[in-house]
Amino acid sequence: MFKAMVSGFPPSPHRPGKIPGSLATAPGTMPGASFAARVGAAPAVGYDGNPRYSRRASYAALDLGTNNCRLLVAKPSGDSFIVVDAFSRIVRLGEGLASSGRISDAAIDRALAALTICADKLRRRHVALARSVATEACRQASNGKEFIDRVYRETGIALDVISAEEEARLAVLGCHILLEPGEGPALIFDIGGGSTELVLVDASGDAPKILDWQSVPWGVVSLTEVESFDRSSEQERMSSYQRMRARVSEAFRPFAERVGRPPEGAARLLGTSGTVTTLASLHLELPAYDRSAIDGLIVPATSMRAISARLAALSMPERIALPCIGRERADLVVAGCAILESILDIWPAERLGVADRGIREGILRSLMAKELRARRAHRQ
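Quick notes on the rules
- Residues numbered from 1 in each chain as written.
- Predicted model: local features only at pLDDT ≥ 70, side-chain atom pairs only at ≥ 80, totals over all residues.
- Heavy atoms only, no water.
- Pairing = 2+ DSSP bridges.
- Helix = DSSP H or I, 4+ residues; strand = E, 2+ residues; numbered from the N terminus.
- Axes fitted to C-alpha atoms, helices over the stretch in contact; angles between N-to-C directions.
- Parallel < 35°, antiparallel > 145°, perpendicular 65-115°, else oblique.
- Contact = heavy atoms within 4.5 Å.
- Nonpolar A, V, L, I, M, F, W, Y, C, P; charged D, E, K, R; others polar.
- Polar contact = N/O pair within 3.5 Å; in protein donor to acceptor, adjacent residues only side chain to side chain.
- pLDDT = per-residue confidence, 0-100.
- Core = buried A, V, L, I, M, F, W, Y, C linked by side-chain atoms within 4.5 Å.
- Buried < 20%, exposed > 50% of the residue type's maximum accessible area, 1.4 Å probe, protein only.

Undergrad: Is there a simple way to think about the pairing of strand S3 (residues 80-90) in this case?
TA: Regular strands show a simple pattern: their side chains alternate between the two faces of the sheet. Here 10 bridges tie strand S2 (residues 68-77) to S3, and the two strands are oriented antiparallel to one another. Bridge pairing in S3 places Leu71 opposite Phe87.

Undergrad: What is the right way to look at the packing of helix H7 (residues 164-175) against helix H16 (residues 359-379) in this model?
TA: The packing of two helices is summarised by the inter-axis angle and the distance between the axes. Here H7 crosses H16 at 85°, and the two axes come no closer than 6 Å. What the angle tells us is that H7 and H16 run roughly perpendicular. Of H16, the residues touching H7 (which contributes Glu167, Arg169, Leu170, Ala171, Leu173 and Gly174) are Ile359, Glu361, Gly362, Ile363, Arg365 and Ser366. Across the contact of H7 with H16, the residue classes break down as five nonpolar, three polar and four charged.

Undergrad: When you look at the sheet that holds strand S7 (residues 196-202) in this model, what are you seeing that I'm missing?
TA: Working definition: the strands of a sheet are paired by backbone hydrogen bonds and lie parallel or antiparallel to each other. The strand order across the open sheet built from six strands is S8-S7-S6-S9-S11-S10, with neighbouring strands paired in mixed fashion. Looking at the sheet topology across the chains shown, the edges are occupied by strand S8 (209-216) and strand S10 (298-300). Taking the axes of each pair of neighbouring strands and ignoring which way they run, one obtains an average angle of 25° across the sheet. Looking at chain direction, strand S6 (residues 186-191) and strand S9 (residues 268-272) are connected through five bridges and run parallel. Looking at S9, one finds that Phe189 is bridged to Gly271. Relative to S8, helix H9 (residues 234-259) is tilted by about 160°, and along the sheet it contacts S6, S7 and S8. Packed on one face of the sheet, helix H12 (residues 301-313) meets S10 and strand S11 (351-355) and runs near 70° to S10.

Undergrad: Sorry, what's going on with the side chain of Thr196 here?
TA: The residue Thr196 is located in strand S7 in this model. A polar contact of 2.7 Å, which involves the side chain of Thr196, links it to the backbone oxygen of Trp218. Among all residues touching Thr196, those that are not within four sequence positions of it are Asp190, Ile191, Gln214, Ser215, Val216, Trp218, Gly219, Phe252, Ile339 and Ile343.

Undergrad: Explanation requested: the environment of Leu178 in the structure shown.
TA: Note on placement: Leu178 falls in the loop between H7 and S6. With 119 residues separating them in the primary sequence, Leu178 and Leu297 have C-alpha atoms 8.8 Å apart. Each residue touching Leu178, except ones within four places of it in the same chain, is listed here: Leu270, Asp295, Gly296, Val354, Ala355 and Arg357.

Undergrad: Where do I start with the sheet that holds S3 in this structure?
TA: Taken in spatial order, the five strands line up as S3-S2-S1-S4-S5 in an open sheet, and their pairing is mixed. Here the strands that pair on one side only, and so sit at the sheet edges, are S3 and strand S5 (159-161). Going from strand to strand, the sheet's axes swing by 20° on average, the running direction of each strand aside. Packed on one face of the sheet, H16 meets strand S1 (58-64), S2, S3 and strand S4 (127-134) and runs near 145° to S1.

Undergrad: Looking at this structure, how should I read the confidence of the model for the protein?
TA: Keep in mind that low pLDDT regions are not for reading the predicted coordinates in detail. Averaged over the protein, the pLDDT score is 84; the fraction of residues at 70 or greater is 84%. Low pLDDT, under 50, characterises residues 1-54; the predicted model gives this stretch 123 contacts beyond four residues in sequence or across chains.

Undergrad: Is there a simple way to think about the nonpolar core in this case?
TA: As a rule of thumb, soluble globular proteins bury nonpolar side chains together. The biggest cluster of nonpolar side chains holds 54 residues, and the ones touching the most others in it are Phe189, Leu223, Leu269, Leu311, Leu340 and Ile343. Look past the residues within four positions of Leu269 in its chain and what remains in contact with it is Leu187, Phe189, Ile343, Leu344, Trp347, Ala349, Arg351, Leu352 and Gly353. Within the second largest apolar cluster, 31 residues are counted, among which are Leu71, Ala107, Ala134 and Ile157.

The following block contains the structure:
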């Protein structure tokens, strides 16, 4: 068990700013149903060709991140939806990007293999409306457009390279329902592969309002690549870890200065990322990852800090041996821990909410809301 076993990336072009209005009405950058049109599904209409809502319609959300490729296919169910198909694969699209400024050929091949599987699922599920997005790796890479064009030619998937602002909005829309009840603003964060988004929200209404936000170009891949971690001694590993924390804390400093510290005992914090779900699994000492046990879990912040410090002290083989980490996450999890601890420094909550949901769920909710508005407009 875990407790027994362990006693220059370029400056971000994205500037901190504010997203006005509530998530229910905030404008997005919807590209429409380009994939559905490409693969032959009926875009944004019922299967009989009429622009009305079809109970049989499937919706899809694809998120190609710096580290993962994830797909959800769902059908509406009341105010929510039921997932009918899903796919997730670590593709490491941003591997080597910090040093080369380009998406490597090997990373492109991995991503295309995953996206080909996604395209097949979308066809077989007769998706009526889809949105596929790409994030920090494609925003940063000099060959990002070339990669996007190739994906479209070879798979039919039209990737929309969204801004950091839109990424933050979608992540909040997808997971805010898991925030603990309470007074005052809450902080929601998303630790990605190539960037991390911090979003301060007012959750007092039906839909949360974004008060302030910041995106920094430090995620588990980008931070790992600029601060080599696997040192020969524990002392060297801890020194590297502290440098990671210092680098991230400096990037977060403008946001921290703007929002200030929450009232003592009133801080609410919710995280969505592989980092927080992995650490929550270690907290529960799960033998294998179990989404039903993790999504919506509330974990003491002290436990997450303790687990982070223990992971930072371990060697690579020791991390590989841990359940819910393994070889795929062992080299990246420490960077995630450094980012998480820096967030806890900014927003010292006693508890941390854990969400195994985010951008994809936000996309699905946006698509379904858009379709509902279109249906109502057609009736008028």
